[in-house]
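Residue strings, one per chain:
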Amino acid sequence: MFTAIFGSFEAGIIYAIMALGVYLSFRILDFPDLTVDGSFVTGAALSAVLIVNGVNPFLATIMALVAGFAAGCMTGLLHTFGKINNLLSGILMMIALYSINLRIMGRSNIPLLNTETSFTQIGTSFDSLGVDSFFNSILTMVGLGGSLPETWGILIFMIIVTLVIKWLTDLFLQTEIGLAVRATGNNKQMIRSFSANTNLLTILGLGLSNALVAFSGALIAQQGGFADVGMGIGMIVIGLASVIIGEALFGTKSIARATLAVIGGSIIYRIVVTLALRVEFLDPGDMKVITALIVIIALTAPKLIEHSKDKKRKARRRQEKLNMIQISAERKGENHAAIKSDS
């Protein structure tokens, strides 16, 4: 059980980068960008091809980020200068990226199991520093020695990387350009009145969003040991589930809190899916159904809770009015009795 939760936490922190990208397009820009399903694979495919051909894994991962940025910018161009509906522009780019990803890989699947990736280098480095033995000794002391993870290096490294990306995202959204991007998603007409170029701001926002998605795809490919042309199917739903779950549980009072909520939502989503798949009558093929149910619950639960609270508030106000009427009637009765006694 511990190994399964550890693995889901590790995957969740990597997918959190993708969820941050979805947050930028879905919440900040108010743009339902389906390019995510394609750009995720683009990052995985490009990094895998470069790594197999001897390119430094860290450089290959950065190149995947750049490719994702280019894909997002193309979606933005289709929408802004091509005047294509935002949803349709994302769908068109997602379809185009399927063929582009096949061209990049040359086939439908590229294995990385026996290849030096950034994660194998990180794991080796942390093992040589004694980090793995230190944490494993602690687990052995508390009675979890039978389920020790292979390495702690990937988890620790990804926590640092994800938090740095979160911090940079918060910092960007508080700059003048970042505020303009937020205003573009909130009210385009208002920001245009200040002579801001909303087209360029939309392109920039979508580029950054898909850059994070492709970066996450490159990391997932290296963690899983393969890049597959179909690994991005349903990725937008997973990203939205992470955003919605995080917002429902942790709130969105500020940008910093919202981005932290997205990371938490991604981790919780992965843990819930892992625990659900351990149920006897479910198998890995049911993952999409589980995802859909999680999203449905995350969408409906806050509304049902708010509706229940609203009913309680109305009932309380109605009771307060009845109490006031009763008190007023009692006072009138007392006054009437006092007048009779005086007469």
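Preceding this paragraph is the structure being described.
Below is a short write-up of the structure. Computed from a prediction, not measured in an experiment: that's the story for all the values here. (Residues numbered from 1 in each chain as written. Predicted model: local features only at pLDDT ≥ 70, side-chain atom pairs only at ≥ 80, totals over all residues. Heavy atoms only, no water.)

## Remarks on helix H10 (residues 198–224)
Counted at 1.5 Å a residue, the expected span for H10 with its 27 residues is 39 Å, and the 39 Å between its end C-alpha atoms agrees. In terms of burial, H10 is largely enclosed, as 21 of its 27 residues are buried. Where H10 begins, the side chain of Asn197 points an oxygen toward the backbone nitrogen of Asn199, at a separation of 3.2 Å. Of the residues trailing H10, Gly225 is marked for its positive phi of about 90 degrees. (Helix = DSSP H or I, 4+ residues; strand = E, 2+ residues; numbered from the N terminus. Expected span 1.5 Å × (residues − 1). Buried < 20%, exposed > 50% of the residue type's maximum accessible area, 1.4 Å probe, protein only. Polar contact = N/O pair within 3.5 Å; in protein donor to acceptor, adjacent residues only side chain to side chain.)

## Let's talk about a nonpolar patch on the surface
Side chains of Ile160, Val164, Trp167, Leu168 and Leu171 sit close together on the surface and give an oily, nonpolar patch of about 490 Å² of accessible area. Position of Val164 relative to the elements: it lies in helix H7 (residues 153–173). (Patch = residues over 30% accessible without salt bridge, like charges linked within 9 Å, V, L, I, M, F, W, Y side chains within 5 Å. Areas by Shrake-Rupley, 256 points an atom, 1.4 Å probe, with all protein chains shown as cover. Salt bridge = Lys/Arg side-chain N within 4 Å of Asp/Glu carboxyl O.)

## Section: empty space enclosed by the protein
Tallied over the entire structure, the rule returns one cavity of 30 Å³ or more. Taken as a whole, the largest cavity holds about 40 Å³ of empty space. Lining the largest cavity, in full, are Leu24, Ile28, Phe172, Leu173, Val181, Gly205 and Leu208. Breaking the lining of the largest cavity down by element, the ones donating at least two residues are helix H1 (2–28), H7 and H10. By residue class, the composition of the lining of the largest cavity is six nonpolar, one polar and no charged. (1 Å grid on protein atoms, 1.4 Å probe; cavity = no way out; pocket = protein on both sides within 12 Å on 5 of 7 lines; lining within 4 Å. Points joined across faces, edges and corners; volume = space filled by probe spheres on them. Nonpolar A, V, L, I, M, F, W, Y, C, P; charged D, E, K, R; others polar.)

## Description of the environment of Ala48
Considering the arrangement of structural elements, one finds Ala48 in helix H2 (residues 36–52). Once the C-alpha coordinates of Ala48 and Ala227 are considered, the two residues, 179 residues apart in sequence, prove to be 6.4 Å apart. Ignoring any residue separated from it by four or fewer positions in sequence, one finds Ala48 in contact with Ile110, Leu112 and Ala227. (Contact = heavy atoms within 4.5 Å.)

## Re the pattern of salt bridges
In total, this model carries four salt bridges according to the counting rule given. Ionic pairing is found between Glu247 and Arg27, a salt bridge with its closest N-O pair at 2.6 Å. With Glu247 in helix H11 (residues 235–250) and Arg27 in helix H1, this residue pair connects regions lying 220 residues apart in the sequence. Residue Glu247 is classed as buried on the basis of its relative accessible area, which comes to 16%. For Asp310, the salt bridge is made with Arg313, and the minimal N-O distance between the two is 3.6 Å. Taken together, the residues Asp310 and Arg313, both in helix H13 (residues 287–342) and three residues apart, mark about one turn of the helix.

Worth remembering: the numbers are spatial, not functional.
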